[in-house]
Amino acid sequence: MSEPMIRTTLADRYCATMEEVVDELRRRREARNPEDLVITRYEKARYGSGFRVYSVPAELLGEQMMSPSPRTRKRRLFAGE
């Protein structure tokens, strides 16, 4: 059995401003172990205003990028399109 990829616990954090996001990104970069392969990202919060800062294991992100996307049905054009 392999070791877990992340040794440092990094929970999601919600920030109101971009300055808080930058501070949180800096804090996460300094807090994690050098052996951890983690990618930290941010996005607009789904509920309310502000941003969500989260971390993803690099291995998981790489696997998601390399796996084929599910096929979707092609949309039929309507008359006049």
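The rules we used
Per chain, residue numbering runs from 1 following the sequence as it is written. Only residues with pLDDT of at least 70 are given local features in this predicted model, and only at 80 or more are side-chain atom pairs given and counted; all residues enter the totals for whole chains, interfaces and linings. Processing note: side-chain calculations cover all non-hydrogen atoms of the structure and skip hydrogens and water entirely. By definition, any uninterrupted DSSP run of H or I lasting at least four residues is a helix, any uninterrupted run of E lasting at least two residues is a strand, and each is numbered from the N terminus. Relative accessibility decides the category of a residue: with a 1.4 Å probe and only protein chains considered, values under 20% of the type maximum give buried, values over 50% give exposed, and everything between is partly exposed. Any pair of residues with heavy atoms lying within 4.5 Å of one another is described as a contacting pair. In protein, a polar contact requires one atom able to donate a hydrogen and another able to accept it; more generally it is a pair of N or O atoms within 3.5 Å, and residues adjacent in sequence count only if both atoms are side-chain atoms. We treat two strands as partners when DSSP finds at least two bridges between them. Lines fitted to C-alpha atoms define the axes, with helix axes restricted to the stretch in contact, and inter-axis angles between N-to-C directions lie between 0 and 180 degrees. Expected span, for any helix, means 1.5 Å times one less than how many residues it has. The directions considered for the arc run from the helix axis to the C-beta atoms.

**Looking at the environment of Asp12**
1) Next: Within the element layout of this structure, Asp12 appears in the segment before strand E1 (13–15).
2) Next: Look at Asp12 and you get partly exposed, because its relative accessible area is 40%.
3) Next: For the pair Asp12 and Ser55, spaced 43 residues apart in sequence, the C-alpha to C-alpha distance is 7.4 Å.
4) Next: Residues within four places of Asp12 in sequence aside, it is in contact with Arg28, Arg52, Val53 and Tyr54.
5) Next: Polar contacts involving the side chain of Asp12 include one to the side chain of Arg52, which spans 2.7 Å.

**Quick word on the sheet that holds strand E3 (residues 51–57)**
1) Next: In spatial order, the strands read E1-E3-E2; together these 3 strands make up an open sheet with antiparallel pairing. Edge positions in the open sheet fall to E1 and strand E2 (38–44), since each of these has one partner strand only. Here the strands of the sheet are splayed against their neighbours by 30° on average, with no regard to which way each runs.
2) Next: Bridge count for E2 against E3 is 7 bridges, and the pairing is antiparallel. Looking across to E3, one finds that Lys44 is bridged to Phe51.
3) Next: On top of the sheet, helix H1 (residues 18–31) reaches E1, E2 and E3; it is set at about 25° to E3, its chief contact.

**What to know about H1**
1) Next: Compared with an ideal rise of 1.5 Å per residue, which puts 14 residues at 20 Å, H1 spans 20 Å between its outermost C-alpha atoms and is within 8% of the ideal.
2) Next: Buried within H1 are the following residues: Val21, Glu24 and Arg28. Around the axis of H1, the buried residues are gathered within 65° of arc, so they sit on the same side. Set apart from the buried face of H1 by more than 90 degrees, the exposed residues are Glu19, Arg29 and Glu30.
3) Next: In the core, the buried residues of H1 are packed alongside E1, E2 and E3.

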